[in-house]
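Each chain is listed here by its residues.
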Amino acid sequence: MPAEPPRRRRVLILGGTAEALALADVVHARHRDRLTVITSLAGRIAPGRDRRGELRIGGFGGADGLARYLRAEAITAVVDATHPFAARISGHAADACAAAGVPRLMLVRPEWRPEPDTEWPGRDWPGGDWIKATDFADAAAIVARTARRAWLTTGPGALDHFAGIAGVWFLVRLFQAPEAPLPLAGAAVIVARPPFTVDDERRVLSGHGIDTLVTKNAGGPLAAKLEAARAEGVRVVMIARPPAPAGERVETVDDALAWIARRL
Ligand code: NAP
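Residues numbered from 1 in each chain as written. Predicted model: local features only at pLDDT ≥ 70, side-chain atom pairs only at ≥ 80, totals over all residues. Heavy atoms only, no water.

(A) Seen up close, the packing of helix α1 (residues 18-31) against helix α7 (residues 253-261). For the pair α1 and α7, interaxial distance at closest approach is 10 Å and the crossing angle is 45 degrees. As judged from the angle between their axes, α1 and α7 are oblique. Considering the relative orientation of α1 and α7, their crossing is right-handed. Across from E19, A22, L23, V26, V27, R30 and H31 in α1, the residues of α7 making contact are V253, A256, L257, I260 and A261. Of the residues belonging to the contact of α1 with α7, the class tally is 9 nonpolar, 1 polar and 2 charged. (Axes fitted to C-alpha atoms, helices over the stretch in contact; angles between N-to-C directions. Helix = DSSP H or I, 4+ residues; strand = E, 2+ residues; numbered from the N terminus. Parallel < 35°, antiparallel > 145°, perpendicular 65-115°, else oblique. Left-handed = near helix turned anticlockwise from the far one by under 90°. Contact = heavy atoms within 4.5 Å. Nonpolar A, V, L, I, M, F, W, Y, C, P; charged D, E, K, R; others polar.)

(B) Geometry of the site of the ligand. What surrounds the ligand is a group of 21 residues, the closest being G15, S40, R44, F60 and K216. Between an oxygen atom of the ligand and a side-chain N or O atom of K216, the distance comes to 2.4 Å. Here the ligand has 810 Å² of accessible area as a free molecule, and 79% of this is covered by the chains. At the level of elements, β2 (35-41) and α3 (87-100) are the ones that each hand at least two residues to the shell around the ligand. Residue contributions to the shell around the ligand peak at 4 residues, all from α3. Tallied by class, residues from the shell around the ligand come to 7 nonpolar, 10 polar and 4 charged. (Near = heavy atom within 4 Å. Polar contact = N/O pair within 3.5 Å; in protein donor to acceptor, adjacent residues only side chain to side chain. Areas by Shrake-Rupley, 256 points an atom, 1.4 Å probe, with all protein chains shown as cover.)

(C) Here's a closer look at the side chain of T76. For T76, the position within the fold is in the loop between α2 (62-72) and β4 (77-80). In this view, T76 contacts R7, R9, R10, V11, V102 and P103; residues no more than four positions away in its chain are not counted.

(D) View of the pattern of salt bridges. All chains considered together, the criterion is met by 6 salt bridges. In this structure, the salt-bridge partner of R109 is E19, at a minimum N-O distance of 2.9 Å. Placement of R109 in the loop between β5 (104-107) and β6 (130-133) and of E19 in helix α1 is noted, with a sequence separation of 90 residues between them. (Salt bridge = Lys/Arg side-chain N within 4 Å of Asp/Glu carboxyl O.)

(E) Looking closely at helix α5 (residues 198-207). Looking only at α5, the buried set comprises E201, V204 and L205. All buried residues of α5 fall inside an arc of 95 degrees around its axis, so they share one side. Residues of α5 that are exposed and point more than 90 degrees away from the buried face comprise R203 and G207. Taken together, the buried residues of α5 touch β7 (149-152), β8 (169-174), β9 (187-191) and α6 (224-232). Residue G209 follows α5 closely and has a positive phi angle near 60 degrees. (Buried < 20%, exposed > 50% of the residue type's maximum accessible area, 1.4 Å probe, protein only. Arc of directions from axis to C-beta.)

(F) Expanded view of unusual backbone geometry. A cis amide bond, omega 5 degrees, links P194 with the succeeding residue P195. Along the chain, P195 falls in the loop between β9 and α5. The backbone of A74 shows a phi angle near 50 degrees, a positive value even though the residue is not glycine.

(G) A look at the pairing of β8. Summarising burial for β8: 5 of the 6 residues are buried, a large majority. The sheet contact formed by β7 and β8 spans 4 bridges and is parallel. Within β8, the residue paired with R149 across the bridge is W169. (Pairing = 2+ DSSP bridges.)

(H) Structural view of the sheet that holds β6. The strand order across the open sheet formed by 6 strands is β6-β11-β10-β7-β8-β9, and the pairing between neighbours is parallel. At either margin of the open sheet sits one strand with a lone partner, and together these are β6 and β9. Each neighbouring strand pair of the sheet contributes to a mean axis angle of 20 degrees, computed without reference to strand direction. As paired elements, β6 and strand β11 (residues 235-239) share 4 bridges and run parallel to each other. Opposite K132, over in β11, you have M238 as the bridge partner. Lying over the sheet, α5 contacts β7, β8 and β9, oriented at roughly 145 degrees with respect to β7. The sheet contacts of α6 involve β10 (212-216) and β11, and relative to β10 the element is tilted by about 155 degrees.

(I) Local environment of the packing of aromatic side chains. Per the counting criterion, the structure on display carries 3 aromatic pairs. Sitting above the plane of the W169 ring, R149 keeps its charged end 4.2 Å from the centroid. The residue whose ring lies beneath R263 is W259, and the NZ or CZ to ring-centre distance is 3.9 Å. (Phe/Tyr/Trp six-rings, centres within 6.5 Å; stacked < 30°, edge-to-face > 60°. Lys NZ or Arg CZ within 6 Å of the ring centre and 35° of its normal.)

Right, here's the structure in full:
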């Protein structure tokens, strides 16, 4: 009797990040003869450039829905490459993979860290301050205490935390135009999608007289906005990441590729 062909592997990448896009491309390019790669997006914003492999869009319906999907689609491994602040889907992925017995890897970029100021020993952010906020509410309290003109790059979901702050003018950058008026008393909106250069970001900071940049600790290579803030002497309020589920973690696309290759 002829031997059965090896079972085709099906890897689900939970996406929404540049790393997820890069991983789908490289996994498809290297292993498409033995493996199908499926990327899942939440579908809040239009997907960026085309990616390799299959694409599915929309929520699964909680951890139970995701577990059902994993079984129905015979998924053999999951890479959670979602944004470090997308805590809900990461928690669901942990629960669903445990329930369905599917191995799961988290691909999470390293955090941004302040760099020592070589000219001013003891200061950890050349040209200004790098203030750590434990969460959005803490960031709002810091802004209320210290800022006059703050640039919020925290995404639309976080704006409510900054509502009701008096005496601070806000600049808000969003990937797409807001559907409702912003919950901020004095604010201007810029609609733009990355990539941004350091010069772009310096023009935003100086053009609007920004004294405080508020950002989530998304991590990865130092963002142009952070380099620009350093160059312009603008204070940074850095919001810490929410806790992530336990489990295997890597920081690079190469390491995630190696993890998948071990499961072929
Ligand atoms: P979240 O709060 O963790 O998730 C909310 C719900 O959205 C989840 O419960 C899930 O719905 C659905 N969902 C999230 N990511 C999904 C995915 N990759 N595929 C299918 N469904 C997904 O997530 P979020 O912070 O709103 O982020 C949504 C997406 O944007 C994520 O893919 C993330 O990687 C990306 N993103 C987020 C940020 C950020 O700062 N949060 C920044 C850049 C990109 P169900 O419960 O129905 O399954």
